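# Fold and geometry: a report
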Amino acid sequence: MFQKNRLNSFVYILWAFVLTLLFFSCSVPFIPEVPPSSYSQEAAINVLSNKYYLIDSGYIEGFGDIYLGEGRYAIFDGIDGIFMVFKYDDEEHAKESWNKITKKYNNPLKLKYFKVNMGDYGIFTLRLENTDLYVWYKDNWLIVISGDKIDNFVKDVNEIYKTIKAR
């Protein structure tokens, strides 16, 4: 009897582990990439202009009413949204800024909501009315992209950063 209960417990734990693994492997939209640490905020924007025509760029200090420090924004032709990049002196500051945004917009009852913090990077996505919000941090970078129908743009940004970091 004791062996049967032990076997059932083991099967239950194994089943829970497999389901958790499947859930997280299917739900992580991407592993976030950021520019190399040698890049400036301006360079992080300009590297994207090889694929997207840059319409406007300037300085910002946050997202909405959330102060995030000195950053840059960019608007690209054909993208119905805004790209924002923040670079900090250390990784902890990037994570703190990411936490500010996730705390403000934390609502797991939204249709498109995803938040994962893996310690050395974090991803947050949310659908707000007619706007998607993608926020990720890694190393000393924080990337914020907000707009409508920006999924392909987010994938391209991530792929471009992955490519230049591999060089």
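Structure: see above.
Only a predicted model underlies this, so the values are computations on that prediction, with no experimental measurement involved.

### A look at the packing of aromatic side chains
Across all of its chains, the model carries 8 aromatic pairs by this definition. An aromatic cluster is defined as three or more aromatic residues linked by ring pairs; in this entry it consists of Y52, F76, F83 and F153. Geometry around Y59 places R72 over its ring, the cationic atom sitting 4.4 Å from the centre.

### Considerations on the side chain of T125
Mapped onto the elements of the fold, T125 is located in strand 5 (residues 121-128). Given the relative accessible area of 5%, T125 is considered buried. With residues up to four places along the chain from it excluded, the contact list for T125 reads K112, Y113, F114, L133 and Y134.

### Quick word on the nonpolar core
Counting 28 residues, the largest nonpolar core has F76, F83, W136, I145 and Y161 as the members making the most contacts within it. Those elements that place two or more of their residues in this core are helix 2 (41-46), strand 2 (66-76), strand 3 (81-87), strand 4 (113-117), strand 5, strand 6 (131-138), strand 7 (141-147) and helix 4 (151-166). For this core, the element with the most residues is helix 4, which contributes 6 residues. Once residues lying within four places of it in the same chain are set aside, the contact partners of F83 are I45, L48, R72, Y73, A74, F76, I143, V144, I145, F153, V157 and Y161.

### Considerations on the pairing of strand 5
Counting buried residues along strand 5, 6 of its 8 residues qualify, which places the element largely inside the surrounding structure. Judged from the 5 bridges that link them, strand 4 and strand 5 form a sheet pairing that is antiparallel. The residue of strand 5 that forms the bridge with F114 is T125. Here strand 4 hands over to strand 5 after 3 residues, with G119 in that stretch at a positive phi of 95°.

### Things to note about helix 3 (residues 91-104)
Helix length check: helix 3, at 14 residues, gives a terminal C-alpha distance of 21 Å against a target of 20 Å (1.5 Å per residue), a fit within 8%. All of the buried residues along helix 3 are A94, S97, W98, I101 and T102. The buried residues of helix 3 occupy an angular sector of 140° when projected down its axis, which confines them to one face. In this structure, the buried side of helix 3 is in contact with strand 2, strand 4, strand 5, strand 6 and strand 7. Between a side-chain oxygen at the N-terminus of helix 3 and the backbone nitrogen of E92 the separation is 3.3 Å; the capping residue is D90.

### Points about a negative patch on the surface
A cluster of acidic residues, D89, D90, E91, E92, E96 and D120, forms a negative patch on the protein surface. Inspection of the secondary structure puts D90 in the loop between strand 3 and helix 3.

### Structural notes on unusual backbone geometry
Phi is positive for D139, close to 55°, though the residue is something other than glycine. One can find D139 in the loop between strand 6 and strand 7. Classification of D139 by relative accessible area gives partly exposed; the value is 25%.

Parameters at a glance
Residues numbered from 1 in each chain as written. Predicted model: local features only at pLDDT ≥ 70, side-chain atom pairs only at ≥ 80, totals over all residues. Heavy atoms only, no water. Phe/Tyr/Trp six-rings, centres within 6.5 Å; stacked < 30°, edge-to-face > 60°. Lys NZ or Arg CZ within 6 Å of the ring centre and 35° of its normal. Helix = DSSP H or I, 4+ residues; strand = E, 2+ residues; numbered from the N terminus. Buried < 20%, exposed > 50% of the residue type's maximum accessible area, 1.4 Å probe, protein only. Contact = heavy atoms within 4.5 Å. Core = buried A, V, L, I, M, F, W, Y, C linked by side-chain atoms within 4.5 Å. Pairing = 2+ DSSP bridges. Expected span 1.5 Å × (residues − 1). Arc of directions from axis to C-beta. Polar contact = N/O pair within 3.5 Å; in protein donor to acceptor, adjacent residues only side chain to side chain. Patch = residues over 30% accessible without salt bridge, like charges linked within 9 Å, V, L, I, M, F, W, Y side chains within 5 Å. Areas by Shrake-Rupley, 256 points an atom, 1.4 Å probe, with all protein chains shown as cover. Salt bridge = Lys/Arg side-chain N within 4 Å of Asp/Glu carboxyl O. Lys, Arg positive; Asp, Glu negative; His and termini not counted. Charge placed at Lys NZ, Arg CZ, Asp CG, Glu CD.

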